[in-house]
Amino acid sequence: MASGRTVAEPRGGRGRAAEVARGLAAYGLIVRMWVRSTLAYRTSFVMMTVGNFAANGLDFVAIMLMFSQIESLGGFTLPEVAFLYGTSGIALGLADLLLGSIEGLGRRIRDGTLDTLLLRPVPVFAQIAADRFALRRAGRITQALLVLGWALPRIEVDWTVGRVLMVPMMAVCGTAIFAAVFTAGAAFQFWAQDAAEVQNSFTYGGNALLQYPPTVFAKELVRGVTYLVPLAFVNWLPALRLLGHPDPLGLPGWVDFLGPVVAALMCTGAGLAWRLGLRGYRSTGS
Amino acid sequence: MVYAAVAAGSFRRYATYRIATVAGVFTNTVFGFIVAYTYIALWDERPHLGGYGQAQALTFVWTAQALLATAALMGGGGLDELQERIRTGDIAVDLYRPADLQLWWLAADLGRAGLQLLGRGVAPMAVGALVFPLALPGDALTWGCFLLSVLFGVLVSFALRYLVALASFWLLDGSGLALISGLACMFFTGMVLPLRVFPGGLGEVVQLLPWAAILQVPADVLMGVRSGDGLVRGLVFQAGWAGALLALGRLVQSAATRKVVVHGG
């Protein structure tokens, strides 16, 4: 049956650029199709979006219930925790909306439908990322935006142009970092199809972690998400700088601005892992 | 007996998903660590919050992770399959079988819960006990009471999920309801925050709802917060909700099977 090698691999800069453009166009096409099909069942869509909104809202309700009993957690006030919550939630929400469907790869390998995608003249990555595009995930983004909007006027920051720009920068880099984690997790499923849940530890688990101040966690855990799976660059490091809190690891100050570099490195690594996985894919047999 | 066979079959079925089980244990453990550290910070600020010491709060965290799959704290747990069978009309075949629908699915759910308690419960709890100081009992009797309490909790969880699944007889697409009931389950079981920590009147009300029987009572039994009279009251509370909700399930079931009209004839 079809393997990764049957997909054309153009060489050279122009070929690559054309390939990316083709992939993006196909992605847009598939996304539009799924959005139209979702909106056909309007009530169901509204319910699922509200549910998605509420599911994440529960996390924040838990945080507010905690703060009904305390003034600060790990030296952070409620607006500061809300700022962490909002920035992390937006990053994960956007990554989940854009290519969260990729975690369905294991199922497609098991039932053999990945082969159908391989036969189409569109990059598999674009197809599977747009597969069953779930507009309801906008619920999480909306909820995180509301929390962030509540937090921004309440945190004590001496806003300058640079500091204002750091907030959208965090969202973009954070989205790229979570997107890389989603992709790497999917690539891992080429080898272990049933292990889809492992990546939840890093995506949803990472989000649960980043909602709270780094001062709350053990140093080893903070080191792990700084050096090993550098989720700390999603919001922790830039937020510590913005809020004027000392870094528990005592890293040099310029590290706080490495977000874009880390995001680019992670996306490259995840892309390589994806190619490796796809190339090694040998279908289910007959 | 046929129901024992169903339970055993369900146990074996879930036992075949080995990699998925390992992946689940990994995820439960990671979440356990994250929540444990936030609770340590919370109890550092407010020692004895909700009547728990820090070790008891940590025990709650790891009990919740251990029971997450067993008691289906996030919904689902195999009954989404029943919901799908009702939606597609396959349920008509099930109703022809010489077995009771509720008992059949209850047996299947108990088999699943049994496997997941062993496969997904023991390991996270062991890791938690190794890394954090937990308030675990030293005597076999308390562990026995805990297991009984877990069984009652699973019965209540099943009864609630069965009602949600049966709602598909009336709603064409039950996925919205399943989502809402999953959310309610996460919040009112104490999964997001122990019910004893909820402030004021809210805290008292949530401890009377059926969801409290699923996680809060078993956790309190395990860490010895409920002993003597409290223990008996806790078990009676659980058994009461289990009996009431299973009976309600029977009523709804007979109403549903009387009206069932499979699509297309």
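Presented here is an overview of the structure given in this document. The residue count restarts for each chain, going from 1 along the sequence in the order it is written. Chains and ligands are labelled sequentially in the order written, the chains with letters from A and the ligands with numbers from 1. For a predicted model such as this one, the threshold for reporting local features is a pLDDT of at least 70, and the threshold for listing and counting side-chain atom pairs is 80 or more; totals across whole chains, interfaces and linings nevertheless cover every residue.

**Remarks on the overall build of chain B**
Quick reminder of the rule: Comment: elements are numbered from the N terminus, with helices defined as DSSP H or I runs of at least four residues and strands as E runs of at least two. This radius of gyration counts C-alpha atoms alone. The globule rule is 2.2 Å times how many residues there are, raised to the power 0.38. With C-beta atoms placed from the backbone, a residue counts as buried when 20 or more other C-beta atoms lie within 10 Å of its own, as exposed when 12 or fewer do, and as partly exposed for counts between those limits. Contacts are defined on C-beta atoms placed from the backbone: any two residues whose C-beta positions lie within 7 Å are in contact.
Looking only at helices and strands, chain B has eleven helices and zero strands in total. Listing each helix as α and each strand as β along chain B from the N terminus yields α-α-α-α-α-α-α-α-α-α-α. In terms of C-alpha radius of gyration, chain B reaches 19 Å, essentially the compact-globule figure of 18 Å for 265 residues. Across the 265 residues in chain B, those meeting the buried criterion constitute 50%. Restricting to contacts in chain B with at least 6 residues of sequence separation, those with at least 24 account for 81%.

**Observations concerning the packing of helix α1 (residues 2-15) of chain B against helix α6 (residues 101-131) of chain B**
Residue and element names in this part refer to chain B. The criterion, for reference: Angles here are taken between N-to-C directions and fall from 0 to 180 degrees, while the axes themselves are lines fitted to C-alpha atoms, restricted in helices to the stretch in contact. Reported orientations rely on four angle classes, namely roughly parallel under 35 degrees, roughly antiparallel over 145, roughly perpendicular from 65 to 115, and oblique for the rest. Whether a crossing is left-handed or right-handed is set by the direction in which the near helix is turned from the far one by less than a right angle, anticlockwise for left-handed and clockwise for right-handed. Note on residue categories: nonpolar means Ala, Val, Leu, Ile, Met, Phe, Trp, Tyr, Cys or Pro, charged means Asp, Glu, Lys or Arg, and polar means any other residue, Gly included.
Running from N to C, α1 and α6 cross one another at 40 degrees; their axes reach a closest spacing of 7 Å. Regarding the angle of α1 to α6, the classification is oblique. Remark: the crossing between α1 and α6 carries right-handed chirality. For the pair α1 and α6, the contacting residues are Tyr3, Val6, Ala7, Ala8, Gly9, Ser10, Phe11, Tyr14 and Ala15 in the first and Leu103, Trp104, Ala107, Ala108, Leu110, Gly111, Arg112, Gly114, Leu115 and Gln116 in the second. Its residues assigned to classes, the contact of α1 with α6 shows 13 nonpolar, five polar and one charged.

**Some remarks on the interface of chain A and chain B**
Every contact between the two is made by 31 residues of chain A and, on the other side, 30 residues of chain B. Secondary-structure elements contributing two or more residues to the side of chain A that touches chain B are α2 (42-67), α9 (196-202) and α10 (204-210) of chain A. For the side of chain A that touches chain B, the class distribution of residues is 20 nonpolar, eight polar and three charged.

Coordinates in, geometry out; function isn't part of it.
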